[in-house]
Each structure stands twice: as C-alpha cells, then as structure tokens.
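# Analysis of the macromolecular model
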Amino acid sequence: MASSHDHANCEHSHDSVLIPNTQPLQQLLGKMGGGGRSTPQDNGYPQLNFTPKGTQIRNIYQDRIKNFTATGQYEKVNLRSMFTSDREAGGDYVKMEVYSVPDLARPLFHEAIKNKFKPTSKGQSFGPSWSTHWFRITITVPERMKDQERVQFNWDSNSEAFVYTEDGEGVQGLTGGGERVEWIFPQSWKTDGKPHTFYVEMACNGMFGNAPGDIIQPPNPNRTFQLSQADIVAPNLEAWGLYIDFWIIGDASREFPATSWEAHAATQVCNDIVNTFIPGNQESVLKCREIAAKYIGENVSSPKVYETGTDPLVFGTGHCHIDTAWLWPFDETKRKVARSWATQCKLMDLYPEHRFTCSSAQQYKWLEKYYPKTFERVRQKVHEGKFQYIGGSWVEHDTNVPSGEGLSRQFLLGQRFFQSRFGARCQTFWLPDTFGYSAQLPQLCRLAGMTRFFTQKLSWNNINTFPHTTFNWISLDGSQVLCHMPPSETYTAEAHFGDVKRSMEKHKSLDQDNTSLLVFGKGDGGGGPTMEQIEKLRRCRGMSDKTGLLPRVHMGNSVDDFFDRLEKKEAGGDKFVTWYGELYFELHRGTYTTQSNNKKSNRRAEIMMRDLEMLATYASIRVPTFTYPKQDIDDMWEDICLMHFHDCLPGTCIEMVYRDTDRLYATLFKKGKDIIKRATDALGLTNTPDAGTQAVVMNTHGWKRTEVIKVPRQVAAANYSQAADNDTVYAVAECDAYGLGSPATVLSSGAAVTAKKADDSSYVIQNDLLKATVSNGIVTSLIFLPQNREVIPKGRKAGQLVMFDDQPLYWQAWDVEVYHTETRKELNPGSVSILEAGPVRAALLVETQISENSWIKTTISLEAAIGGAGTYLAFDSEIEWRETMKFLKVEFPVDVVNTEATYETQYGAIRRPTHYNTTWDMAKFEVCCHKWADLSEHGFGVSILNDCKYGFATAGNTMRLSLIRSPKAPDGNADMGRHSFRYAMYPHSGAVGESTVHTASDFNNPLQVYHSRYGADTARAQDFLNTVSVQKESSIILDVVKRGEDDEAISVGGLPIRKGSSIILRMYESLGGRASTVLRTKLPVKAVYKTNILEDDLEEIKFSEIEINGTAYHEICVSLRAFEVQTIRLQL
C-alpha cells in the first residue's frame, strides 16, 4: 500500500502517467554488493504513443504496387508519365516517303531503293498481309534535345520492320505493337543539326505471322497495319531504370515466400518508392532509385554487378529461337534472321556482358547470302566470343521422321558449314523445341563431335513429369551425351524474377549439381533478348548479392562454358543419373501423321539419295568422263535437311510453307532423276528400250531379292503370263545383291497366285505361302501356310479402316489425344471386285465411301510365291480426303502375345509397351515408326510394312497404322485432296529379324527396270554395281555409299582437301546384337579407315588381299556392336 508520503511525492500531469519516486530503492540497491541491478537509463524510445498504426493488408498493398507502373487510369500520374523526356514528330523534323512493293515480293535493299518513293505520314495503314513497304526517312534532331542523355527514333508499324543505314547496312530489327520500337541512332546526330536519311523495311506481318487473333489459326490474307509511331524521342533513362528496379523488387514482394522477411522487406521498399515518387519531379525519381538500391544494390545499371566474386548458380545466355518456317514462309524467315541478329550485335555493344547463342547453319547461310554486311558483323562478334553459334546441325530438325542418314546429314552439313565460316565445330547439340528425341541421337552426336545436348521440350509433357534436369542420355548402342534441360522450362524466358527463381525451385538434379542454364530472349518468331531483359537480370544479380534468397544469376559465359564445368564434375567422379533410349515426348503425337504428302516426299527423297549417291560414286570412280556432282548433291541434301525442320516435316506450318516444299521437292526429284540417268548411262544402262537392248532390273540392296514388276509389252513381245495394263506386263525379277537381273514374263508351272470368289460376300487370294479370305471387303482370315497358322484372331478383321474424332485440347496439327480412341468407328466397304486373277499377281479392288465428299479405293494384292516374292499381303490405297477433324487409321489384329512391340527407328529398332500398366506406358498410345512395326512371340510374328507413314499404335494384339488426319490449324487445308500410299501384312517365322528389315527396305525401294546392250554392256554394268559388295549377310545394313567430302577433285566445302579419291561406306547394326560381315572390292585400295560421320579418321583398319579367278580383291572384316553406326573410308 502506498503511504501518504509516497503519494505526495508523485508528479501528476494531464498527459503523462504517474512516475514514482524511486530514490529509496536506488539507495538500497547502491548499498547492496554484487547481484544488484544498475539504474535504468532512458534509451530514447518514446514512452507515449497516441498514433495508431495497423498491419498492412498484403493484397491491398500488392495492388498498390502494381498500379505504380500499370497502364490505364493512373498512367498519367504514375511512373509511366515520366518515361519520355521529349518527343518530336513534326514535319520539319521527320520526313517520310514510301515505296509499296507489288506482288508480295521481298526485294533486297539495293533493289528496293531504285524505285519511286512517294510522301507518306504517320497514321497511314499498309497491307495486305505478307506485303513489303520500304520507307525513306529523313530526320533532323531538334536543337532542344542536344543535351539529352540519349535520343532515339521510335518506329511502330504494329508489324515487323528493319532499319537500314543510308548505305544499306541493316542495323536494328523492330517488333511493333509497343515492343522493341526504338532505334538508337548515332548520338552525333543530336548535336550536329543536320538532316540524316535512313530506311525502314516494313513487313506486313506480326512476329507470329498473320493469324486473326489465336496465333495458330490460318493467316488472314487481308490484314493491314497502321503506322502509329515515327518519332524522335528522348527517353528518361533514370525513369526507365527505376521501372526495372521496381519491377524486380515488386516480383520479390509477390514471389518470395510470404513467410520470408525478404518478401516483406521488398514490399516495404516498393511502398516507400511509391510514397516518394512525385509526378514530373526528376529528383524524386533519383531518390526512388536510392531507395531501390537498399534492396538490389548500387551497381545494377552496370556490368559491374556481376563482378562480386561470389559463385553463381544460374548462367544466363541470350537466345533467339527462329522457327525456320512455321506461321510464316521460308522467305520471311530470311528477314527475321537478319532483323534479329543485327539487333543482338547492337545489344552487345551496349551491354558488355551480353552473350548470344544461336543455332541452324541454314540461317547463317541465308544471312551470308542475302545480308553480307550483317553476316560480317556476326562473324566479328563470333571472334570476340559474344555471338556463339551452336548446335552443329543444318536446322533445328525433327528427330522422329527423318531417316538415320537424314539425321547424319544434318550434322555433316551443319558442322562443315560452321567450321568453314568460323574455324571450329560445335561441341553442343542444341534442339530445344523438337517434338521428341530419337534413341539414336546420343550416338550420332558423338559421331559428329559433340558430347553435350540441350533441350527443354519434355517440360511440356501432359501426362508424366520428366524426372531429371542434368543427366547422361544413353543411346541404343550405349553411347552417351551429357544432357541439360533448364529448370526454368523454356528456351524463350523473359528473364523475369520468376525465371531465375524457378531455376532452383524446379531443378530435379540437385543431388548431383545445383547449377542451370537460363536461356532468355524473344523467340519462335525471332527477336531475341531485349534491353529490358538484360537490365532485369542485372537487378536479379544485385538482389542476390545484396539481399539473398534468389539464386545468383551470372552473365558473360557461354553454353559451352556451362557444359565444360559439368563434364569436369563427371570426370571428377560425381556421376550424373542416366536415361536410356528415346526421350519420348508426351504431346504432339499427331505430328507423325499430319501433312502426309510432305512426309511421303521426304521418304522418297531420302531413298532416292541413297541410290543416287551410290550410282554417282561408282560412275565417278570407274568412268573417267563422269564427274561426281558434289555441288548438286550438297544442294539437294541441304534442301532435304531444310524441310526436316521441326515444324515443317511434322506438319505444323501454315499452308504457304507446304506450297514452298512442294516446289522444292519437285525440283529435287527432277534433279535427282537427271543425275541418276547420267550415272546409269555411264554404267551402260538406259531408260529407253530398242531393238538392240534387253530389259534388266537393278538391285541396289545388299541382299538377293525377287519381285513382281512391270515391263513394257515390247520387251515381252507375245510371251507373257499376265498383262498389267495396255502398255505393260507383269514379270518376275530375281537379282543378286548389288546386281542385275533379267525379268521373266512367263511363269514356270505351279508358281501361280489366284483370286477366286468363295461365296456372295467372300473372296480368297492364295499363293504357296499365304491364303487370305476377304469378306465384305475386310480380311477375316490370313493363314501363314509354312506353319499352317491363322494370323488373325477369331472374329477379328484385318485391314479394317477405322475413323476417329480428332479434336485435341488445343494444338490441332500437333496433337492427337488419349481420348480419341473412344470415338472409334468402323468404315464399311461399299463394293468388292476381282481386279486381277493371277497367275503372277492377284488383286481385289475394295471401294469405300467415307463420307459425302471422301472415298478410298484399296487394292488388296498378293504376288506369286517365287524366290522371295509373295511373302506379304499388300494394300495399295488411293484416297480423296475432305474431312474435318477426323483421323483415319487401319487395324491389324494378330494372334500374337507380347507385352512389347518392335518399331524401326533410325539406324535400328526400338521396343515399346503394348499395355497400359503405368502412365508412362499409357502415354505411348501413339508412337513413331519408320518402314515397319512388328509384334512377335517365340517362333512367329507379324510385321506391318508401309511406304510413307510414321504414326503407329499397338494396343494388346491390335496393330494400328495411322493413315491421314484433317486438322484445320494452322493450315486450314491440311491433307485435303488426293493421296496414295501402300502398306502390307508380312507374317514370318521366328522373331523379328533380317527378313523384316530387308523386306521393308525392298517394299520402299522397288526394283527399277533399265535396258542394256546385250553382252558386254550388261556385264560391265553388273561389274560396276559390284564395286563394293557385302559378302556375308547379317543384321548389318550397308546404308550409304558416297564420295569423301574432301576428295581433291570434287571438294566444294571450303575446307582443307584430301589428296586422292575415297569412298565412304556407312553401315549400321539393325536388330540389336553384335554382328560382323565382310566387305569386298577390287578397287585399288591404299588404306582403310574407321571414321566418324564427319569423315575424320579415327583408326586405320587392316584389310586383306585375295585373288578370285585371276582378279585381285580387297576384303575388310567389319564388326559392329548392337545398333552401332559405323563409317569406313576407302582411300584409293
């Protein structure tokens, strides 16, 4: 209880609390020894508080932060109001004239400026889609702008554009629509007071073509584009700097964990900036930047921000993904390359830390040809180490559909180009946007001198999440490459705070390594990194060093630097996880089928090139007057590889692209036909019969084969067993490996095939190997007579055409979704008739009306079983296709049990599940195959052959070949019209083996009829075809015979030549087991080398000399491991 004395000594105040007199206590404590407390001191903390302060409501303050830089009702009073210090567009300062190019032509600079220009002005509209308009612009910078920190020209035609200097050098690409609209002209212009002239080439297309809204819809041919900006502008660089500061700190406020002090601190910094800012007051902008520096550091406007000596985790590299064709044609890509790469060269001058990575030798070649000044600028930046070519391939190609040799030529062409122009090959295969990755790619990469692989597309999987970021990817033969998939999950990152943050959060390989690549820049349609993106990364780095929590990003290194460090880590014992086999992409499965005529042309071209190169090689070596057409062959392969591009060959481009590829293929086939004719003429064969010639067939394959062919009636005279049509008769031709054969038009007795009507609705086609019953136009029975085994399960039907609804979630040309099989509908044939009754060939014609506008005619045929002929039941189809979002397939149920089916892939075969045990199994409901797919059990199997199809599915014991689709975007007429294709059922004894591989190859490359003079000419031609022969049949396929790239008499590549002549032989093991064979030649071989696919000598191989009938031969023993690809050079 307080005494009256105590109470009397209390001081009272209206606005203070009672403070007791503590003197007696102090005295008491002072008398005490140790253990007492010292006298409390006033530390200045206010005792009184009558000012309430509430907690911040997070979402309200987040919205306030957003409004500070937002467009809309506040932009005249927020930071945006200070972006521009001055602007001038008046006629005294900006004068413009235009030349509108007719006929949608795209003239180059020196052609365009010769034409008549007429006055024009801002606000005018230009069109139509895909047209080009050249502007001649003369500007005079106003006197009042001379002291501005920077003055630039802003151009926005809401379309792509390209700025040229007066002497014709392209210097700056412009995107339009408010993005990348500035050209920083020489700053001497702002003070000299003189008029200066330059040009702008305006392309009437956006960055993503001319679609009406949704970018994948077919382009609108009648778009116009309004010129909304053509101004001299002085930007407020400090305001722009604050904009980037605020952007990144605001992202930290929103995206750092809400429980972290870093997120809350970011919110307070942003709030302080908003409170400090005064519209129109430059001093307030500077103060705001000082506030920002408390969170992101002081060097964020300089490359010094990266010079802290701290270890980074995220390595940024600029990139510009330019689809070589997609929503625009090839010709527009040529301009996109020039616009994009000129812009990046300019950025390298502005930002010393900027490194830019770009692939595709084809794009570099276009730049060299059409924009030589820009190419030299790129070459300069390459030598400075800032512009980094990468990838080693001709284009960023599809890897599902091209043949093995097609993939090899991608690397051969690409690596040779890069080496010839820049002095070195690529070390890293770069393929970020392709729709799945062949199981043989790691082996081919290693054979092309590359040990690393970069991609990211599997992040798009829509069923399973791929489990690795950095890993060793292992090929079918055991070869490996070190693979990295950026955890930011994009190749077109915007360099946002979130991109850097995800580089750690989504990293799946942290047990092995915690670093990653961040690949940033505008892409797909080109453009590449922007100033804004580079500035954002500077802030991110500053934040990491100043505040922490965000992974530390670094600029200034190359992609190869990144992989160098990973490889050293692996070499040091820190092993990365492994992935064996294909990198199957769980999306875009429709790309195995879309644009079927384009895929057919690709198959034809690849097969033609095989024969063409072999014949031209032998002719050039054996016939002195024949010159190997090296330049023509290179040009043809370049066009084939161009059309391998990962939107072109898969079928996901606009219609304009496929009209271009139609023309390219037509030219290619014409040129190929001419070269083959010249080569066969040199070998003593001709296409035209006369009285002094005999018909012969030529086998360019390494095994004996027998086929039914057509020969002119005049060859057979009156001696033939069966006519084919008015001009030809059927003949049976037997050929040895790499040999000639004489067609027999009269069958020996007992070797016939027949077609007979069994009852009102059934027909039977039979030879000595197969007996097929066709009921109501469908195969209801197929007996494999050597085993007396029924191939088709009871009650099932083979050759059944089935239709599916085909409406994927979004990507029409790309996708077929898992639910499409739920809409299965069988098509019922309308009529069946005997087309040919035998004895050489028997055939039924089945006609089916698909819909009111679509029909298909299928010829089911069987040949006489002579030699190797008559082993399969063939289906030849002609179709008129006029459907909308439908998918046509053909089914083959077979009485075979296996949990895996086998599919031909490049240089080998791959097994995939026939069941849906897991989501990984189910995801492969549609897969890619090449010439054959097989389902076998012990002792028996069935192969399905095709001549131009790639989509396939095996579910249980039902094998299903995909025939044709009808998506409506981005090509509204995709696959509409007439098509023809072939497929076949090939039952066989035993598991899948050499017979399937050989028969499928023969099915795709039928024997060709030639004519030769009797006697010496025929023997001479036979001898030429045996220039190199395979003496022992095995699973090894001799796939390519060609001349050496650098042979001194033919080299055109700009690389060092090799004296003498050489022949390149490329072979592969096709079935998955170690195999050996013997190669024989009577050429004057001096040495034999094992090489890579770039034809570098790896090791010398011993060879032996033998004599046969007085002729000297050389033999080379070859051994390959399972699925190995091996290249040999015979030095002559």
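Residues numbered from 1 in each chain as written. Predicted model: local features only at pLDDT ≥ 70, side-chain atom pairs only at ≥ 80, totals over all residues. Heavy atoms only, no water.

### Points about the sheet that holds strand β50 (residues 1062–1069)
Pairing in this open sheet of 5 strands is antiparallel, and the strands run β49-β50-β56-β52-β53 from one edge to the other. Only two strands of the sheet have a single neighbouring strand rather than two, namely β49 (1036–1043) and β53 (1097–1101). This sheet shows a mean twist of 25° between the axes of neighbouring strands, independent of strand direction. Inspection of the sheet shows strand β52 (residues 1087–1091) paired to β53 by 4 bridges, in the antiparallel sense. When the sheet's bridge partners are listed, V1088 is paired in β53 with I1101. Sitting on the sheet, helix α17 (residues 596–622) is in contact with β49 and β50, with an inclination near 55° to β49. (Pairing = 2+ DSSP bridges. Helix = DSSP H or I, 4+ residues; strand = E, 2+ residues; numbered from the N terminus. Axes fitted to C-alpha atoms, helices over the stretch in contact; angles between N-to-C directions. Contact = heavy atoms within 4.5 Å.)

### Here we look at the layout of surface pockets
Taken as a whole, the second largest pocket encloses approximately 1300 Å³ of empty space. The wall of the second largest pocket is formed by 46 residues, among which R150, E182, W240, M531 and E532 lie closest to the centre. Counting residues per element, the ones that place at least two in the lining of the second largest pocket are β1 (84–88), β6 (152–156), β12 (229–235), α6 (237–255), α9 (330–350) and α15 (531–546). In terms of residue class, the lining of the second largest pocket is built from 15 nonpolar, 13 polar and 18 charged. (1 Å grid on protein atoms, 1.4 Å probe; cavity = no way out; pocket = protein on both sides within 12 Å on 5 of 7 lines; lining within 4 Å. Points joined across faces, edges and corners; volume = space filled by probe spheres on them. Nonpolar A, V, L, I, M, F, W, Y, C, P; charged D, E, K, R; others polar.)

### A word on the sheet that holds strand β54 (residues 1104–1108)
Strands sit in the order β48-β51-β55-β54 across an open sheet of 4 strands; the sheet is antiparallel. Whereas interior strands pair on both sides, the edge strands pair on one side only; in this sheet they are β48 (1028–1030) and β54. When the angles between neighbouring strand axes are averaged without regard to direction, this sheet yields 35°. Relative to strand β55 (residues 1111–1120), strand β51 (residues 1075–1081) runs antiparallel, the two being bridged by 7 bridges.

### Quick notes on the packing of aromatic side chains
Geometry of an aromatic ring pair is reported as the spacing of the ring centres plus the angle between the planes. One pass over the full model with this rule turns up 60 aromatic pairs. When the ring of Y364 is compared with that of F422, the centres are 5.7 Å apart and the planes differ by 75°; the resulting orientation is edge-to-face. A residue pair is termed long-range when its members are at least 10 positions apart, and Y364 in helix α10 (residues 361–370) and F422 in helix α12 (residues 404–422) qualify at 58 residues. Here Y364 matches F422 in class, with each residue buried. Here the aromatic cluster, defined as three or more aromatic residues joined through ring pairs, consists of W341, F356, Y364, F375, F387, Y389, W394, F417, F418 and F422. Here R136 stacks its cationic end above the ring of F117, 4.4 Å away from the centre of that ring. Sitting over the face of the ring of F804, K889 holds its NZ or CZ atom 5.3 Å from the ring centroid. (Phe/Tyr/Trp six-rings, centres within 6.5 Å; stacked < 30°, edge-to-face > 60°. Buried < 20%, exposed > 50% of the residue type's maximum accessible area, 1.4 Å probe, protein only. Lys NZ or Arg CZ within 6 Å of the ring centre and 35° of its normal.)

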